[in-house]
Each structure stands twice: as structure tokens, then as C-alpha cells.
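A look at the structure
Residues per chain are reported as follows:
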Amino acid sequence: MQKKARRRKRPAPCRSIEIIIEGLGARGDGVARDDDGRPVHVPGALPGEKWRADLAGGKVLRAEMLRSSPLRRAPFCPHYQGCGGCRAQHLAEDFYGEWKRDMVRQALSRAGLAMVDVAPLYRLRGEGAGRRRVEWALLRDRAGQVKLGYRQRGSHHVVDIGECAIVEADIAALIAPLKGLAAALLQPGEQGGCRITLSDSGTDLLLKLPRLPDLEERERLTAFARARDCARLCVQTGAEMPETVLQQRQPLVRFCGVAVPIPPDCFLQASRAADRVLAELAGLSSAGGREGTMAADLFSGVGTFSFALHRAGARVLACEADEAAVAAMQAGINRAQLGNIAVSRRDLFRQPLLVDELNRFSCVLFDPPRAGAREQVETLAASKVAEVIAISCNPASFARDMAILVGGGYRLERVVPVDQFPYSRHVEVVARLSRGA
Ligand SMILES: C[S@@+](CC[C@H](N)C(=O)[O-])C[C@H]1O[C@@H](n2cnc3c(N)ncnc32)[C@H](O)[C@@H]1O
């Protein structure tokens, strides 16, 4: 049989239009309309600005600003133009706060909760407000040059950075040394990555490599970790478990004074300030405020909120699916010899706490992954739990979960957006719900 000749797709014709930006999209792009009323997304543009855009098939190929907005300010980072990291640096302070608040308002409105009042964006400031966790890509190009940084927006291209303003200083200080290390570990054309966590007992470094290091490379890694006094250095290839190359000290993170020995690559809130502020906004800042009550912390990780609930005097059950996180939290409980706090390994998507189990608690806190906690909130909505605290990094799944709880008779009392990921398009939310007696 004769094969049909494949027709080449004709490139969409290019046209140039002048547009006025009407608003900001969820990714921080300026949004305008073309002559036919179709939305046009212009990266880096702000409401009220006039731009000329070259369009092909609805996509902006090139854009040039013709008139700027008073809502614009100069980005503080020299890598702003290329780097996909902090895309919202050009927004003036107040406008930036309203943009993030509005993301939460709009998500609630789409879920049928337009009447809910959303508090102004809570900004993290001061000591410990920089990121304590970061993941950077590593690449040695064909010419042998090493690049370290975030991926360019919408592409796999690695934007090489020399500094990063959003991480803690101890992380930023590793940029140049890590490039030197990568030059010795990667062959031209090879890629890897690094995840850095600042624990309270030192840096926990996980290197993602295309293959396991040989003896000589292990010696180099060990020397690197010793020279920078890293608490631990692990390597990982593909989806394999991380392998520890050197551990000088157990990486520990303290939650309300309880030292938890964290596993490599575990979930932590992005900054130390976030641990404190999120607990405060959840109503868990005071010691003893919940004496003798029963509380559940669902999707508990290594115990960020469990230990805050425990310090407030509650008897706590923590539930979490990740084996290493559960073991770490248990080790923290054992080391501190705490009573009245237990952790259970449980997949809450497949096996949510049932209504009878939930009814033992006067307070349930949940902090799920981006997908939200649909299965769990469905049983929660049918429970008698008096107080529910929701923490989320995704306004869309948060709003959906709130609608289920409100449908079950809960009152959504307080919604506070928190700027846990400054200058990115991400926003954290803390909410409190109650059920009348
Ligand atoms: C956003 S993190 C919150 C962790 C913790 N609350 C904290 O603040 O450190 C979400 C947690 O949910 C856990 N998780 C993901 N899927 C889960 C599931 N199906 N059942 C239970 N836990 C799950 C993850 O392992 C992670 O620890």
C-alpha cells in the first residue's frame, strides 16, 4: 500500500496589533483582547499599558511596550528577564498584594463562594523569611560550560544564575561551589539537579546525577561536603532512593522545640517564618490554648502543625502517607518522649478518616498536596467536628474543598492568603471553618 505523503502544517500567519492590557492572568501575564475579542496573553505586561504584539495562531511571538503603567516597578533581580523563578517582580507592592488576594477570591467565586470575605495578603518578613528549600537544575553544555539555575519559563532551557535573592544566604553561597562540583561530575551534554534544604543542624544537599558516582567522584563529593560543613550529602539517580555519601550530623528541624530528624528530600514549608506564621494564623500560636481537646492533623508531613497542636495542649493524631515522613515524625516524638501524640501511616485519598473516626475530634486540620483533599472533606462535611482548619497551596482545590464543607453545613469564618512564595504566581491559604452547636 502506498503511504500518503504527510502534509506539512503551514505556519500560522503572523500579524501585528496594538492592544491595551485589561488585567492580569493567574500566571502573572497581562491579558488583553484582539480585534475579535479573543484573549491575548502578554508576559510581563500590566493593566493599563499599551503594547504592540506580533501574534501567530493566537500566541504572542514578540511584544514591545509602548506605554507603561504606574503599577510597574523595576525588578530587583539581574536574572529577571530570562529566569522562570520570580515572574512577578515588576508589580508595585499594593497591586501585587491585590493580585494574589484576587486569585483566592476568584477561585472561591468559581466554586460558588463569591460572598466569602478574603483577608489582605499576609506578607512574610524579617528573619527566616527567605526560602530554606530550593531545587535548581544543573547542566553541562556541549562546550563544557556549567549552568545552574531555574528553567526558563515555558521551556527546559536552564537559565544560569550567579545569585538568587529569594533563598537564605547559606543556600545562595553554594551557587558558585556547586557549579565547580558539577563541572567535575557531569560530562558535556549531561544534566542533573540539586535540592538544598537548610536544616537546623546544617545544610542537607541532594544531588541528582545521570549515573552513580565512582570512587574518585565520591571522594570529591565527600571533600565538598566537608569543606562546606554540610550536615549530609546524598546522591540520587532517576527514581532510585537517595543514597547518603556523607553524613556529618543528622539533619534536624525543630517544630515548637521538638527536633525531628528529617529524611532526604522531605516536605517542609518553604521558609522558617512560614512554619510560625501559618501556625499563628491557624490559631495554634499559644501554648495551652487547647488543653485536653482532641485534634487530628491530616497530611501531616513530618509534623509541622502536629507539634503546634500538641504545644497548644491538644491530644493529637497525625495521618500521613509518606513512610519516611511518618518515621521521621515518630523519631521526633520518641526523642522528645512526648505523650498524647501519635502518627499513623495512611493514604487519605484511598482511606479517608470516616465520619465515626472524625467525630472523636473537636478540631481537624488538613494541609493536602496541590490536588486537595476531596475524599477526606467529603466525610468531614458529614461529621460533627466543631472546628476545621484548612491550609492549602492551591486556591482552586482549596475552593472546591471549601464548597464541599460549606455544603455540609460548615461556616467559612476566615480566609487568609499568605505570601509563602514571594514574586511567584503561587499563594498559600489558611482558613478556619466552624460548625454551630
Ligand atoms: C503540603 S504537604 C503538608 C505537610 C505538612 N502539613 C507540613 O506542613 O509540613 C502535603 C503532605 O501530604 C502528604 N500526602 C500526599 N498524598 C497523600 C495521601 N494520599 N494521603 C496522606 N498524605 C498524603 C505528602 O506526603 C505531604 O507530606
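Residues numbered from 1 in each chain as written. Predicted model: local features only at pLDDT ≥ 70, side-chain atom pairs only at ≥ 80, totals over all residues. Heavy atoms only, no water.

Concerning the site of the ligand
If you check the shell around the ligand, you find 17 residues, and the closest are Gln-269, Thr-304, Glu-320, Asp-347 and Leu-348. Asp-347 is positioned with one of its side-chain polar atoms (N or O) 2.9 Å from a nitrogen atom of the ligand. Relative to its unbound accessible surface of 600 Å², the ligand loses 87% to contact with the protein. Taken together, the residues of the shell around the ligand sort by class into 8 nonpolar, 4 polar and 5 charged. (Near = heavy atom within 4 Å. Polar contact = N/O pair within 3.5 Å; in protein donor to acceptor, adjacent residues only side chain to side chain. Areas by Shrake-Rupley, 256 points an atom, 1.4 Å probe, with all protein chains shown as cover. Nonpolar A, V, L, I, M, F, W, Y, C, P; charged D, E, K, R; others polar.)

Comments concerning the nonpolar core
Within the largest apolar cluster, 80 residues are counted, with the highest numbers of intra-cluster contacts made by Leu-108, Trp-136, Leu-207, Phe-366 and Met-402. With 7 residues, the single largest contributor to this core is helix α1 (residues 93-110). Each of domain 2 (100-126 + 268-434) and domain 3 (133-247) accounts for three or more of the residues forming this core. In this structure Leu-108 touches Leu-113, Ala-114, Val-116, Val-118, Phe-398, Ala-399, Met-402, Leu-412 and Val-415, once residues within four positions along its chain are discounted. (Core = buried A, V, L, I, M, F, W, Y, C linked by side-chain atoms within 4.5 Å. Buried < 20%, exposed > 50% of the residue type's maximum accessible area, 1.4 Å probe, protein only. Helix = DSSP H or I, 4+ residues; strand = E, 2+ residues; numbered from the N terminus. Domains from an automatic or database assignment. Contact = heavy atoms within 4.5 Å.)

Comments concerning the environment of Val-159
You can see Val-159 is positioned in the loop between β9 (146-149) and α2 (169-172). Setting aside chain neighbours within four positions, we find Val-159 in contact with Gly-82, Cys-83, Leu-148, Gly-149, Tyr-150 and Gln-152.

Some words on the packing of aromatic side chains
The tally for this structure, following the rule as stated, stands at 6 aromatic pairs. Ring geometry for Phe-255 against Phe-307: centres 6.3 Å apart, planes inclined by 10 degrees, an arrangement best described as stacked. Taken together, the positions of Phe-255 in strand β14 (residues 252-255) and Phe-307 in helix α6 (residues 304-311) put the pair 52 residues apart, joining distant regions of the chain. For the pair Phe-255 and Phe-307, a shared accessibility class is recorded, and that class is buried. Pairing Phe-299 with Phe-349 gives two aromatic rings, centres 6.0 Å apart and planes at 50 degrees, and the pair type is tilted. On the criterion of sequence distance, the pair formed by Phe-299 in the loop between β16 (294-298) and α6 and Phe-349 in the loop between β18 (341-345) and α8 (355-358) is long-range, its members being 50 residues apart. (Phe/Tyr/Trp six-rings, centres within 6.5 Å; stacked < 30°, edge-to-face > 60°.)

Considerations on the environment of Val-416
With respect to the helices and strands, the residue Val-416 is situated in strand β21 (residues 411-419). Exposure remark for Val-416: the relative accessible area of 5% places this residue in the buried category. Along the sequence, Val-416 and Asp-117 sit 299 residues apart, while their C-alpha atoms lie 9.2 Å from each other. Beyond its immediate sequence surroundings of up to four residues, Val-416 is in contact with Ala-119, Pro-120, Tyr-122, Leu-281, Glu-428, Val-429 and Val-430.

Considering the packing of helix α3 (residues 175-185) against helix α4 (residues 215-227)
The contact between α3 and α4 brings their axes to 11 Å, and the two run at 175 degrees. If you check the angle between α3 and α4, you find them roughly antiparallel. On α4, the residues touching Pro-177, Leu-178, Leu-181, Ala-184 and Leu-185 of α3 are Glu-217, Arg-220, Leu-221 and Phe-224. For the contact of α3 with α4, the residue count by class is 7 nonpolar, no polar and 2 charged. (Axes fitted to C-alpha atoms, helices over the stretch in contact; angles between N-to-C directions. Parallel < 35°, antiparallel > 145°, perpendicular 65-115°, else oblique.)

Comments concerning the domain arrangement of the protein
When its domains are assigned, the protein resolves into domain 1 (14-67), domain 2 (100-126 + 268-434) and domain 3 (133-247). For domain 1 and domain 3, the distance between their C-alpha centroids amounts to 38 Å.

What to know about the side chain of Asp-297
Checked against the element boundaries, Asp-297 lands in strand β16. No salt bridge is formed by the buried Asp-297; the nearest opposite charge belongs to Arg-290, separated by 12 Å. In terms of polar contacts, Asp-297 uses its side chain to reach the side chain of Ser-306, at 2.6 Å. (Lys, Arg positive; Asp, Glu negative; His and termini not counted. Salt bridge = Lys/Arg side-chain N within 4 Å of Asp/Glu carboxyl O.)

Some words on α1
Over its 18 residues, α1 extends 26 Å from the first C-alpha to the last, a length consistent with the 26 Å expected when each residue adds 1.5 Å. Along α1, the residues that are buried comprise Phe-95, Tyr-96, Gly-97, Trp-99, Lys-100, Arg-101, Met-103, Val-104, Ala-107 and Leu-108. Downstream of α1 by one or two residues, Gly-112 has phi in the positive range, about 85 degrees. (Expected span 1.5 Å × (residues − 1).)

What about the pattern of salt bridges?
With the rule as written, the count across this model stands at 37 salt bridges. Of the charged contacts, one joins Arg-73 and Glu-93 as a salt bridge, the two residues approaching to 3.6 Å between their closest N and O atoms. Here the residue Arg-73 occupies a position in the loop between β6 (59-67) and α1, and Glu-93 occupies one in helix α1, the gap between them amounting to 20 residues. Through salt bridges with shared partners, a single ionic network connects Arg-73, Glu-93, Lys-100, Arg-123 and Asp-419.

Thoughts on the environment of Tyr-423
Within the element layout of this structure, Tyr-423 appears in the loop between β21 and β22 (428-434). Residue contacts for Tyr-423: discarding those within four places in its chain leaves Arg-73, Phe-76, Gly-85, Cys-86, Arg-87, Ala-88, Gln-89, Glu-93, Tyr-96, Lys-100 and Ile-166.

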